[in-house]
Amino acid sequence: MARTSDVLSVVTMAVLALSMLAYTGYLAMADGRRMGTAGQVLALLGTGTLLATIATRGLSVHRAPLGNMYEFALAAAAFAMVGFTLWSLRRDTRWLGLFVVGPVLLILGAATTAWWTEASQLMPSLQSAWLVIHVTVATLSIGVFVIGFALAVLFLLQRRREERGSGPAFLERVPSADRLDKLTYSAHVIGFPLWTFTLVAGAIWAERAWGRYWGWDPKEVWTFVIWVVYAAYLHSRATAGWTRHSAWLAIAGFACIIINYAVVNVYFVGFHSYSGM
């Protein structure tokens, strides 16, 4: 099963790469509707193979596949793709596909090249029901933040185009800046409470595992930093005249997630040093 999971991860990246190319064609071509539709179909197929990758990984070790950086990255990418594809079944989201599938591909590429580890059993401190609760919600929130990040980037590009009266041609297929601002806010209104729960659940698990709710561990500190940045985004978004600044805070929050995961997990030693690398 572990070997099957590894093969499926490669298949997933190949399918999503084709999806990204199709979405690029949709934005670049004057009449790229068919390319956009192909991108949607491939995104749906890639989501299916990604879920199969995670399922076979879990079956190979008879546990929830959430115990190391590789598995965490797969889960976060899956939540992002599931959220995007479900949305695409209700609305025309071809304009967003490139900006969601692209980051997901980067996450999967890093997972399979830098963070991959053999499927194995968990260390004792991770053998807890709180693993499923805490890490599942954490990956779900990151999946939502991936979409929120994509929307924030598009908002800034579209806002600049509308102010200057010119810009990249592909932005003609993208909703207005006001619409993008509302969508960005909606994504973060969903993601922020999930991240808040992640922070609280992590503290409860820490008390169960190590006898204290908070110990200024590097991972704990950065989890809180992310919470503060996204809280600042929501506050600034509600402040008149701060719409553009708030979008930058949303992007900064996602940058903090990357630092927390790709830097703190790898280079900082603490109670959370369980990457498996």
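Residues numbered from 1 in each chain as written. Predicted model: local features only at pLDDT ≥ 70, side-chain atom pairs only at ≥ 80, totals over all residues. Heavy atoms only, no water.

Details of the overall build of the protein chain
Part 1 of the argument: In terms of regular secondary structure, the protein chain is built from eight helices and zero strands.
Part 2 of the argument: A globule of 277 residues ought to have a C-alpha radius of gyration of about 19 Å, and the protein chain, at 19 Å, matches this closely.
Part 3 of the argument: Viewed in the frame of its principal axes, the protein chain has a C-alpha envelope of about 60 × 45 × 30 Å.
Part 4 of the argument: Taking all 277 residues of the protein chain together, the buried fraction comes to 49%.
Part 5 of the argument: Within the protein chain, residue pairs in contact and separated by at least 24 positions form 77% of the contacts whose partners lie at least 6 positions apart.
Part 6 of the argument: A total of about 13,100 Å² of accessible surface is found on the protein chain, and carbon and sulfur atoms cover 67% of it.
Part 7 of the argument: Counting 20 positive and 13 negative side-chain charges, the protein chain places the averaged centre of each group 6 Å from the other. (Helix = DSSP H or I, 4+ residues; strand = E, 2+ residues; numbered from the N terminus. Rg over C-alpha atoms; globule rule 2.2 N^0.38 Å. Buried < 20%, exposed > 50% of the residue type's maximum accessible area, 1.4 Å probe, protein only. Contact = heavy atoms within 4.5 Å. Areas by Shrake-Rupley, 256 points an atom, 1.4 Å probe, with all protein chains shown as cover. Lys, Arg positive; Asp, Glu negative; His and termini not counted. Charge placed at Lys NZ, Arg CZ, Asp CG, Glu CD.)

As for the domain arrangement of the protein chain
Part 1 of the argument: Structurally, the protein chain comprises domain 1 (1-65 + 92-121) and domain 2 (122-276).
Part 2 of the argument: Taking the mean C-alpha position of each, domain 1 and domain 2 sit 21 Å from one another.
Part 3 of the argument: The interface is formed by 18 residues belonging to domain 1 together with 18 residues belonging to domain 2.
Part 4 of the argument: Considering only the side of domain 1, the residues that lose the most area to domain 2 are W95, F99 and W115, jointly responsible for 40% of the buried surface there.
Part 5 of the argument: Inspection of the domain 1/domain 2 interface yields zero salt bridges.
Part 6 of the argument: Elements with a minimum of two residues in the side of domain 1 that touches domain 2: helix 1 (2-28) and helix 4 (94-113).
Part 7 of the argument: The leading source of residues in the side of domain 1 that touches domain 2 is helix 4, at six residues. (Domains from an automatic or database assignment. Buried area = accessible area lost by both parts, 1.4 Å probe. Salt bridge = Lys/Arg side-chain N within 4 Å of Asp/Glu carboxyl O.)

Details of the side chain of S236
Part 1 of the argument: Position of S236 among the secondary structure elements: in helix 7 (residues 218-237).
Part 2 of the argument: Accessibility expressed as a relative area gives 4% for S236, which makes it buried.
Part 3 of the argument: Among the polar contacts made by the side chain of S236, one reaches the main-chain carbonyl oxygen of Y233 at a distance of 3.0 Å. (Polar contact = N/O pair within 3.5 Å; in protein donor to acceptor, adjacent residues only side chain to side chain.)

Looking at a positive patch on the surface
Part 1 of the argument: A surface patch of like charges, here positive, comprises R90, R91, R179 and K182.
Part 2 of the argument: Note that R179 resides in helix 6 (residues 177-210). (Patch = residues over 30% accessible without salt bridge, like charges linked within 9 Å, V, L, I, M, F, W, Y side chains within 5 Å.)

Describing a nonpolar patch on the surface
Part 1 of the argument: Residues Y213, W214, W216, F224 and V228 make up a contiguous nonpolar surface patch of about 560 Å² in total accessible area.
Part 2 of the argument: The residue W216 is located in the loop between helix 6 and helix 7 in this model.
Part 3 of the argument: Judged by relative accessible area, W216 falls into the exposed class, the value being 64%.

Details of the packing of helix 3 (residues 69-90) against helix 8 (residues 243-267)
Part 1 of the argument: Helix 8 packs onto helix 3 with a crossing angle of 170° between their chain directions and a minimal axis gap of 12 Å. For the element pair helix 3 / helix 8, the angle class is roughly antiparallel. For the pair helix 3 and helix 8, contact is made by M69, Y70, F72 and A73 and by Y261, N265 and V266, respectively.
Part 2 of the argument: In terms of residue class, the contact of helix 3 with helix 8 is made up of six nonpolar, one polar and no charged. (Axes fitted to C-alpha atoms, helices over the stretch in contact; angles between N-to-C directions. Parallel < 35°, antiparallel > 145°, perpendicular 65-115°, else oblique. Nonpolar A, V, L, I, M, F, W, Y, C, P; charged D, E, K, R; others polar.)

Concerning the packing of helix 3 against helix 4
Part 1 of the argument: Where helix 3 meets helix 4, the closest approach of the two axes is 9 Å, and the angle between their N-to-C directions is 165°. As the angle between them shows, helix 3 and helix 4 are arranged roughly antiparallel. Helix 3 and helix 4 meet at a crossing whose hand is left-handed. Contacts between helix 3 and helix 4 involve Y70, A73, L74, A77, A80, M81, F84 and W87 from the former and L96, G97, V100, V101, V104, I107, L108, A111 and T112 from the latter. (Left-handed = near helix turned anticlockwise from the far one by under 90°.)

A short note on the nonpolar core
Part 1 of the argument: With 72 residues, the main nonpolar core has M81 and L96 as its most contacted residues.
Part 2 of the argument: Considering each element in turn, this core owes the most residues, 16 residues, to helix 5 (residues 129-164).
Part 3 of the argument: Among the domains, domain 1 (1-65 + 92-121) and domain 2 (122-276) are the pair contributing at least three residues each to this core. (Core = buried A, V, L, I, M, F, W, Y, C linked by side-chain atoms within 4.5 Å.)

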